[in-house]
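The chain contents come next:
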Number of protein chains: 2
Amino acid sequence: MSGGSAGGFDADPPYYAVIFTSRRMAGDDAAYGDMAARMIELAATQPGFLGFDSAREGVGITVSYWRDEDSIAAWRRDVEHRLAQRAGRERWYADFSVRVARVERAYGFSRNDWRNLHGSSGV
Amino acid sequence: MSGGSAGGFDADPPYYAVIFTSRRMAGDDAAYGDMAARMIELAATQPGFLGFDSAREGVGITVSYWRDEDSIAAWRRDVEHRLAQRAGRERWYADFSVRVARVERAYGFSRNDWRNLHGSSGV
């Protein structure tokens, strides 16, 4: 699941990434999917939200991108999000990790044409 | 596919994350899987490599973690890795994005017990 082309959105570094990696508890997949989709829907309405990518293959990885740390702090405090965080600990996850990172440079490739995503062309 | 528990490895921020998101071209899955597994195997031998998580569900997301930017630069220049980068553009990917980010804080939850992964407990 992605906000567009892989990792694609229009923003220049620096911006912030929240890297959420998780392992699910077994079962209740439909309810989990509803919650996860709702959290993406809700995050997308938050000031400073830039985009996200998400995939689960054993481990789940969701990376959301934010304009600044204040945007991340406000999303952390969102009431509905806080309830989902609690449910995550109580019901959904065997374990998870959250990392907050400052994106310093970014670039990309498209089959259609090279594009440089707002930054150094080297990693 | 993961280096351990979700996002789990023993390092204190600050460290670096390379967030690689991609969309595959159709076909040749076995050869792609061999290349991807080999790149993880090779990355794990590089100085400064800390760990990784990877999942593909439509979009593919691989996040590799590194001690510092010099480690990332050295991995970028690795000869076998450079060949894989070229094959990625020529054969494997419809599009991809690479973001280099400085991890500033990290925390986590485990079903077995709370643990704070080396940093602020708030996102």
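Preceding this paragraph is the structure being described.
Predicted model only: the values in this text are computed from it and were never measured. Here, residues in each chain are numbered from 1, in the same order as that chain's written sequence. Chains carry letters from A onward and ligands carry numbers from 1 onward, assigned in written order. Local features in this predicted model are restricted to residues whose pLDDT is 70 or higher, and side-chain atom pairs enter the listing and the counts only when it is 80 or higher, whereas totals over whole chains, interfaces and linings include all residues. Each side-chain value is derived from all of the structure's non-hydrogen atoms; neither hydrogens nor water enter the calculation.

K.L.:
What is the right way to read the nonpolar core from this model?
P.N.:
Across soluble globular proteins, nonpolar side chains have a tendency to be buried as a group. Grouped together as the largest cluster of nonpolar side chains are 26 residues, with contacts concentrated most on Val63 of chain A together with Val63 of chain B. Going along the chain from the N terminus, every DSSP run of H or I of four or more residues is numbered as a helix, and every run of E of two or more is numbered as a strand. At the level of elements, strand 1 (15–24), strand 3 (59–66) and strand 4 (93–110) of chain A together with strand 1 (15–24), strand 3 (59–66) and strand 4 (93–110) of chain B are the ones that each hand at least two residues to this core. The residues touching Val63 of chain A, leaving out its near neighbours within four places in the chain, are Ala17, Val18, Ile19, Gly51, Phe52 and Asp53 of chain A together with Ile19 and Ile61 of chain B. Ranked by size, the runner-up nonpolar core spans 23 residues in total, among them Tyr107 of chain A together with Phe49, Trp75 and Ala84 of chain B. By nonpolar core we mean a set of buried residues, namely Ala, Val, Leu, Ile, Met, Phe, Trp, Tyr and Cys, connected to one another through side-chain atoms within 4.5 Å. Each residue is placed in one exposure class: buried if its accessible area under a 1.4 Å probe, protein chains only, is under 20% of its type's maximum, exposed if it is over 50%, and partly exposed if it falls in between. Only heavy atoms matter for contacts: two residues are in contact if any of them lie within 4.5 Å across the pair.

K.L.:
Hey, could you run me through the sheet that holds strand 1 of chain A in this one?
P.N.:
The pairing of strands in a sheet happens through backbone hydrogen bonds and is either parallel or antiparallel. Strands are treated as partners if at least two bridges between them are detected by DSSP. On the basis of which strands lie adjacent, the open sheet formed by eight strands has the order 2(A)-3(A)-1(A)-4(A)-4(B)-1(B)-3(B)-2(B) and antiparallel pairing. Since the sheet does not close on itself, it has two edges, and those belong to strand 2 (49–57) of chain A together with strand 2 (49–57) of chain B, each with one partner. Ignoring which end each strand starts from, the neighbouring axes of this sheet average 25° apart. In this analysis an axis means a line fitted to C-alpha atoms, helices contributing only their contacting stretch, and an angle means the value between N-to-C directions, from 0 to 180 degrees. Running at roughly 125° to strand 4 of chain A, helix 3 (residues 79–92) of chain A makes contact with strand 1 and strand 4 of chain A together with strand 4 of chain B of the sheet. In the packing of helix 3 (residues 79–92) of chain B onto the sheet, the strands contacted are strand 4 of chain A together with strand 1 and strand 4 of chain B, and the crossing angle to strand 4 of chain B comes to about 125°.

K.L.:
Sorry if this is basic, but what is going on with the pattern of salt bridges here?
P.N.:
Between side chains of opposite charge, pairing is possible as soon as their charged atoms come close. We count a salt bridge whenever a side-chain nitrogen from Lys or Arg sits within 4 Å of a carboxyl oxygen from Asp or Glu. On inspection of all chains with the given rule, the structure shows twelve salt bridges over all chains. The salt bridge involving Arg38 of chain A is made with Glu41 of chain A; its shortest N-O contact spans 2.6 Å. Of the two residues, Arg38 of chain A and Glu41 of chain A are both situated in helix 1 (residues 29–43); the distance of three residues between them amounts to about one turn of the helix. The shortest N-O distance in the salt bridge between Glu69 of chain A and Arg105 of chain B comes to 2.6 Å. With one member in each of two chains, Glu69 of chain A in helix 2 (residues 69–77) and Arg105 of chain B in strand 4 form a pair that bridges those chains. Under the relative-accessibility criterion, Arg105 of chain B is labelled buried at 16%. One network of salt bridges, with partners in common, ties together Arg38, Glu41 and Glu80 of chain A.

K.L.:
Where do I start with the pairing of strand 2 of chain A in this structure?
P.N.:
The pairing of strand 2 of chain A with strand 3 of chain A spans eight bridges and is antiparallel. From the neighbouring strand, Ser54 of chain A faces strand 3 of chain A, where its bridge partner is Thr62 of chain A.

K.L.:
So what exactly am I meant to see when it comes to unusual backbone geometry here?
P.N.:
Residue and element names in this part refer to chain A. Backbone torsion omega between Pro13 and Pro14 reads 5°, so that peptide bond is classified as cis. Mapped onto the elements of the fold, Pro14 is located in the segment before strand 1. In this model, Asp28 sits at a positive phi of 60°, which is unusual for a non-glycine residue. Mapping Asp28 onto the fold places it in the loop between strand 1 and helix 1.

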